[in-house]
Amino acid sequence: LYLGTLEPRKNLVRLIEGYAAYAKSMDTPAQLVLAGGKGWLYDEIFAKVESLGLKDRVLFTQYIASEDMCALMSGALAFTFPSLYEGFGMPPLEAMACGTPVLVSDAASLPEVTGESAVIVRAEDVGSITQGLVTLDTDAALRARLSEEGLARAQSMTWEHSAALLYQVYEEILGA
């Protein structure tokens, strides 16, 4: 599952290419669900699915209401978010809070957000994305570990915890 806006910075063309290689290597590959509304320059994403002959393997949804996101994430084998740029990266954290194993790219804030509680792939390397997908599909023990660690990581990243850390910084500055 990918959940977010369909636009170039989300690196979905490489995800689709990686998924195509993953699907060819598996006897019964999981379906790729790209859930979310259309952003900007999204035509290439749909064209890539078409050109790789994946119309029966890749499901596009429309916009997903926030009250439906947790159910969708909880039902996924894994959550994929190979973005090239993110300000913070809430969707992987939300998936972790649902107990869903997560794959993210090594770009921007994503490794910091997920820590060691996710499979981290090279954003611009289709082979790395493919290997991450294969690993998540074939390694049930890893999925169980990431699910458990992801839940703990998500619970440590609350607004209350963030506010306490900010308050601590202010105290240090004012005390200096």
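Residues numbered from 1 in each chain as written. Predicted model: local features only at pLDDT ≥ 70, side-chain atom pairs only at ≥ 80, totals over all residues. Heavy atoms only, no water.

Asker: Before we move on, could you go through a nonpolar patch on the surface and cite the residues and values that matter?
Answerer: Together, L166, V169, Y170, I173 and L174 line one region of the surface with nonpolar side chains, adding up to about 540 Å² of accessible area. With respect to the helices, strands and loops of the structure, V169 is situated in helix α8 (residues 159-175). Under the relative-accessibility criterion, V169 is labelled partly exposed at 41%. (Patch = residues over 30% accessible without salt bridge, like charges linked within 9 Å, V, L, I, M, F, W, Y side chains within 5 Å. Areas by Shrake-Rupley, 256 points an atom, 1.4 Å probe, with all protein chains shown as cover. Salt bridge = Lys/Arg side-chain N within 4 Å of Asp/Glu carboxyl O. Helix = DSSP H or I, 4+ residues; strand = E, 2+ residues; numbered from the N terminus. Buried < 20%, exposed > 50% of the residue type's maximum accessible area, 1.4 Å probe, protein only.)

Asker: Could you give an account of the pattern of salt bridges, naming the residues involved and the relevant values?
Answerer: Should the charged atoms of two oppositely charged side chains come close, the side chains can pair. Following the criterion strictly, the structure yields seven salt bridges and no others. In this structure, E86 and R9 form a salt bridge, with 3.3 Å as the shortest nitrogen-oxygen distance. With E86 in the loop between β4 (79-81) and α4 (90-97) and R9 in the loop between β1 (2-3) and α1 (12-25), this pair connects stretches of sequence that are 77 residues apart. With its nearest N and O atoms 2.7 Å apart, the salt bridge here joins K10 to E86. In this pair, K10 is assigned in the loop between β1 and α1 and E86 in the loop between β4 and α4, connecting sequence segments 76 residues apart. Accessibility assignment for this pair places K10 and E86 in one class, buried. Put simply, E7, R9, K10 and E86 are held in one network by salt bridges that share partners.

Asker: Please set out the side chain of T80 residue by residue, giving values where relevant.
Answerer: Its place among the elements puts T80 in strand β4. The buried category is assigned to T80, whose relative accessible area is 3%. Beyond its immediate sequence surroundings of up to four residues, T80 is in contact with L1, Y2, L15, L103 and L133. (Contact = heavy atoms within 4.5 Å.)

Asker: Explain the sheet that holds strand β5 (residues 102-105) residue by residue, including any values.
Answerer: The sheet built from three strands is open, its strands ordered β4-β5-β6 with parallel pairing. Two strands close off the open sheet at either side, each with one partner strand: β4 and β6 (119-121). Averaged over all neighbouring strand pairs, the angle between strand axes comes to 15°, with direction disregarded. Of the pairings in the sheet, the one linking β5 to β6 comprises three bridges and is parallel in character. What sits directly across from L103, in β6, is V119. This element, α4, spans β4 and β5 of the sheet and lies at about 165° to β4. (Pairing = 2+ DSSP bridges. Axes fitted to C-alpha atoms, helices over the stretch in contact; angles between N-to-C directions.)

Asker: Break down the layout of surface pockets for me, with residues and values.
Answerer: Approximately 340 Å³ is the volume attributed to the largest pocket. Forming the boundary of the largest pocket are 14 residues, of which F88, L93, M157, T158 and S162 lie nearest the centre. Where the lining of the largest pocket is concerned, the elements lending two or more residues are α4, α7 (140-156) and α8. Tallied by class, residues from the lining of the largest pocket come to eight nonpolar, four polar and two charged. (1 Å grid on protein atoms, 1.4 Å probe; cavity = no way out; pocket = protein on both sides within 12 Å on 5 of 7 lines; lining within 4 Å. Points joined across faces, edges and corners; volume = space filled by probe spheres on them. Nonpolar A, V, L, I, M, F, W, Y, C, P; charged D, E, K, R; others polar.)

Asker: Lay out the sheet that holds β1 in plain terms, naming residues and giving numbers.
Answerer: With parallel pairing, the three strands of this open sheet are ordered in space as β1-β2-β3. Edge positions in the sheet fall to β1 and β3 (58-60), since each has one partner strand and no second. When strand β2 (residues 32-35) meets β3, the two strands line up parallel, connected through three bridges. Directly across from L32, in β3, lies its bridge partner V58. α1 contacts β1, β2 and β3 of the sheet and is inclined by roughly 165° relative to β2.

Asker: Explain the environment of G4 to me, and be specific about the residues and the numbers.
Answerer: With respect to the secondary-structure elements, G4 resides in the loop between β1 and α1. Since its relative accessible area comes to 19%, G4 is described here as buried. Each C-alpha atom of the pair G4 and R143 lies 22 Å from the other, and the pair is 139 residues apart in sequence.

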